[in-house]
Amino acid sequence: LSEGQVFRAGDLLYEGKAKRVHLMEDPDLVWVEYKDDATAFDGKKRGTIRDKGYFCAQVSVIFFRLLEESGVRTHFVAAAGERAVVCRRLAILPIEVVVRNVVAGSLAKRTGLPEGTALPAAVVELYYKNDELGDPLLNDEHVAALRLATPAQVAELKRTALRVNGVLRAFLSPRGLNLIDFKLEFGLHQGTVLLGDEISPDTCRFWDAKTHEKLDKDRFRRDLGGVEDAYAEVLRRVSSGPVAGAQGAAVGAPGADAGAAGGSRRWLARVFVSLKRTVLDPQGRAVLGALEALGYGGGGGGDAGAGGAGAGVGGDRSAVRPDRVRVDDARVGKYMELSLSAASEDEARARVDDMCRRLLANPVIEEYRFELERAQ
Amino acid sequence: MSGGRMKFAVVVFPGSNCDHDALHAVGEVLGQEASFVWHQDTDLARYDAIILPGGFSYGDYLRTGAIARFSPVMAAVEREAGRGKLVIGICNGFQILLEAGLLPGAMRRNDSLRFQCHHVYLRVENAGTAFTNRCRAGQALRVPIAHAEGNYHAEPADLARMNRKGLVIFRYATPAGEVTPEANANGSAENIAGVMNEAGNVLGLMPHPERAMEGLLGGDDGRLVFESMLAAWKEGKARVQVSPA
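Residues numbered from 1 in each chain as written. Chains lettered and ligands numbered in written order. Predicted model: local features only at pLDDT ≥ 70, side-chain atom pairs only at ≥ 80, totals over all residues. Heavy atoms only, no water.

## Brief notes about the side chain of Gln139 of chain B
Moving on, step 1. Position of Gln139 of chain B relative to the elements: it lies in the loop between strand 6 (116-124) and strand 7 (140-147).
Moving on, step 2. Residue class for Gln139 of chain B comes out buried when judged on its relative accessible area of 15%. (Helix = DSSP H or I, 4+ residues; strand = E, 2+ residues; numbered from the N terminus. Buried < 20%, exposed > 50% of the residue type's maximum accessible area, 1.4 Å probe, protein only.)

## Side note on the confidence of the model for chain A
Residues and elements named next belong to chain A.
Moving on, step 1. In the predicted model, chain A carries a mean pLDDT of 85, and 86% of its residues have values of at least 70.
Moving on, step 2. Ranking the elements of chain A by mean pLDDT puts helix 8 (residues 308-311) last, at 38, and strand 10 (residues 137-138) first, at 96.
Moving on, step 3. Confidence drops under pLDDT 50 across residues 249-261; counting only partners more than four residues distant or on other chains, this segment forms 32 contacts.
Moving on, step 4. Of the regions scoring below 50 in pLDDT, residues 300-318 engages in 15 contacts with residues more than four places distant in sequence or in other chains. (pLDDT = per-residue confidence, 0-100. Contact = heavy atoms within 4.5 Å.)

## Focus on the interface of chain A and chain B
Moving on, step 1. Across the contact, 18 residues belong to chain A and 17 residues belong to chain B.
Moving on, step 2. Summing the contributions of chain A and of chain B, the shared interface buries around 1400 Å²; its carbon and sulfur component is 65%.
Moving on, step 3. By the criterion of area lost to chain B, the three top residues of chain A are Pro282, Leu359 and Val364 of chain A, representing 33% of everything that side buries.
Moving on, step 4. In this assembly, chain A and chain B are joined by 1 salt bridge.
Moving on, step 5. Linking Arg63 of chain B and Glu366 of chain A is a salt bridge whose minimum nitrogen-to-oxygen distance equals 3.6 Å.
Moving on, step 6. Inspection of the region where chain A meets chain B yields 5 residue pairs in polar contact (both at pLDDT 80 or more).
Moving on, step 7. Elements that contribute at least two residues to the side of chain A that touches chain B include exactly helix 7 (282-296), strand 15 (333-342) and helix 9 (345-360) of chain A.
Moving on, step 8. With 4 residues, the top contributor of residues to the side of chain A that touches chain B is helix 7 of chain A.
Moving on, step 9. For the side of chain A that touches chain B, a count of residues per class yields 10 nonpolar, 3 polar and 5 charged. (Buried area = accessible area lost by both parts, 1.4 Å probe. Salt bridge = Lys/Arg side-chain N within 4 Å of Asp/Glu carboxyl O. Polar contact = N/O pair within 3.5 Å; in protein donor to acceptor, adjacent residues only side chain to side chain. Nonpolar A, V, L, I, M, F, W, Y, C, P; charged D, E, K, R; others polar.)

## Side note on the packing of helix 1 (residues 52-69) of chain A against helix 6 (residues 227-239) of chain A
Residues and elements named next belong to chain A.
Moving on, step 1. Relative to each other, helix 1 and helix 6 sit at 25 degrees, their axes nearing to 10 Å. For the element pair helix 1 / helix 6, the angle class is roughly parallel. The crossing of helix 1 and helix 6 is left-handed. When helix 1 is examined against helix 6, the residues Lys52, Tyr54, Phe55, Cys56, Gln58, Val59, Ile62 and Phe63 are found in contact with a partner set consisting of Glu228, Tyr231, Ala232, Val234, Leu235, Val238 and Ser239. (Axes fitted to C-alpha atoms, helices over the stretch in contact; angles between N-to-C directions. Parallel < 35°, antiparallel > 145°, perpendicular 65-115°, else oblique. Left-handed = near helix turned anticlockwise from the far one by under 90°.)

## A look at the pattern of salt bridges
Opposite charge on two side chains allows them to pair when their charged atoms are near.
Residue and element names in this part refer to chain A.
Moving on, step 1. In the structure shown here, the tally under the stated rule is 50 salt bridges over all chains.
Moving on, step 2. In this structure, Asp36 and Arg83 form a salt bridge, with 2.9 Å as the shortest nitrogen-oxygen distance. Within this pair, whereas Asp36 is found in the loop between strand 3 (29-34) and strand 4 (37-40), its partner Arg83 is found in the loop between strand 6 (76-79) and strand 7 (84-88), the two being separated by 47 residues in sequence.
Moving on, step 3. The exposure class of Arg83 is partly exposed, given its relative accessible area of 27%.
Moving on, step 4. In this structure, a network of salt bridges that share partners links the residues Arg100, Arg110, Glu115, Glu125, Asp181, Arg205, Lys214, Asp218, Arg221 and Arg222.

## Side note on the pairing of strand 14 (residues 265-275) of chain A
All names here are of chain A.
Moving on, step 1. In terms of strand pairing, strand 14 meets strand 15 through 10 bridges, oriented antiparallel. Within strand 15, the residue paired with Arg266 across the bridge is Ser341.
Moving on, step 2. Looking at chain direction, strand 14 and strand 16 (residues 366-374) are connected through 9 bridges and run antiparallel. Residue pairing for strand 16: Phe272 is matched across the bridge by Arg369. (Pairing = 2+ DSSP bridges.)

## Details of the sheet that holds strand 3 of chain A
Residues and elements named next belong to chain A.
Moving on, step 1. The sheet built from 5 strands is open, its strands ordered 1-2-3-7-6 with antiparallel pairing. The open sheet has two free edges, formed respectively by strand 1 (12-15) and strand 6, since each of these has just one partner strand. Shown here is a sheet whose adjacent strand axes are inclined to one another by a mean of 25 degrees, direction ignored.
Moving on, step 2. Examined bridge by bridge, strand 3 and strand 7 share 5 bridges and lie antiparallel to one another. The residue bridging Val30 from the neighbouring strand is Cys87, located in strand 7.
Moving on, step 3. Its contacts with the sheet place helix 1 against strand 3, strand 6 and strand 7, and it is angled at close to 130 degrees to strand 6.

In structure tokens, the structure reads:
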């Protein structure tokens, strides 16, 4: 399975509002073709946006590759021509995960906050994917009550969504685009939660960082005109490199603290680098072996024969109770602390992300994450 | 006559320790022109080939080759590689080429977790390159290794592409040239010991051909690599000379 491999679309499996999904010879894969059809307000408004399928497919491919490189596990396999993508076939969870950095759309209606208000921290929302009910907002307890996902899965969805937010914002900010909000869908693949669907101007709100011009589906929803141009502009920016000074006045990014313009703040970044799950970790394996010697081996029986394995190792380990805790895997990574100055949290995040990609982690074999906090 | 000697640059990073061996190999043994180039140098235009030697550049801090890759000289290496000059990265030099993205893949700790220092046999997978034209395809070269991080990893897509295009140049093998799991010195994917770029002018390998140049020192199979580079250079020159101005 790789890019460069020749794929062929098979029978139509399903046709949705914006995409056609075809079966493929490999039952694990689907061929997703992006259409020019556009709908809004739960299908009440319909239209066609010329070449939308092309723009959305291309933008989505760029974002999914970026996310994969950043260690987010997705359904993406390969681009397949101008308007199609080959993906792993997922059992889609009926939950839409929305991340918001700035107030817009339904959040403005629900809260009364004016559009464009920066949120102090990114807000994650869950919606029930159900056309008949009009995709209602859910909280975690609703999700549990409806058995749409386990609490552990919900936690993972939220964590991944925030991670996607960080990666996309760091990528978009130097390209002069503010990420206002976006919607994600997830699905299960062999028991693992993978990011699915698309990430494009159809599923995100992008505003130009300087002019705050809307460059997304709101142009269609609100009949603002220039829809095709806006989609083309997003593709142009995400296909090109970062532009110096493109960040603009940072409307709205949480933590941007526009009041502190020109001022520099101190930040502490804690960076964690580890080998990708798919890469064998010889050091981790050695550590696991040593833990097994301590009586923490995986695969041992429950607490029957208590003390057997552990006590035999010798020495006084009575307080450890190794028989009750089993280690199934060990991975060895790196931890780094960076002290830096930056005008805003956004700026600091974007820079640390850049440092991670270009130096601190090797994207071929490693993944990274970092935590950022204000320092004294 | 070919006219003139081939000019080799041997790049010296803080922590390089096979730079003198490399200089001796091409300067003394092959009788070509060889000079040390400091990692701060920014112009390598006058050299015909560049050697990134083994060692522990910048103490292997962060990841092997990760810091050296940002030395000023690496921009020049990249530029000359783009112009088609021959570039060979040996051991730490290979690690630096990987970090610089001039070759695909990355290095992990040896699967044994031990520093491996002994002779190995390398099967020549492609004898039609600027680095192996003096070898026979399938020939087993006896060359030493000395590294802790030579466990080569590449994405399946990259491996498939490299295999398809003949870019895997050396694999760890038995003395008879058979590629077996037992012969794999460090756990590398598909026993890979050396790979080349698509343009065919950049080679990286973990083993040390520059330490196998003279029978007196335990073997001279490594000469074939440098003699191949010399032959490729001479042939390139000949081609340039016969083409109309």
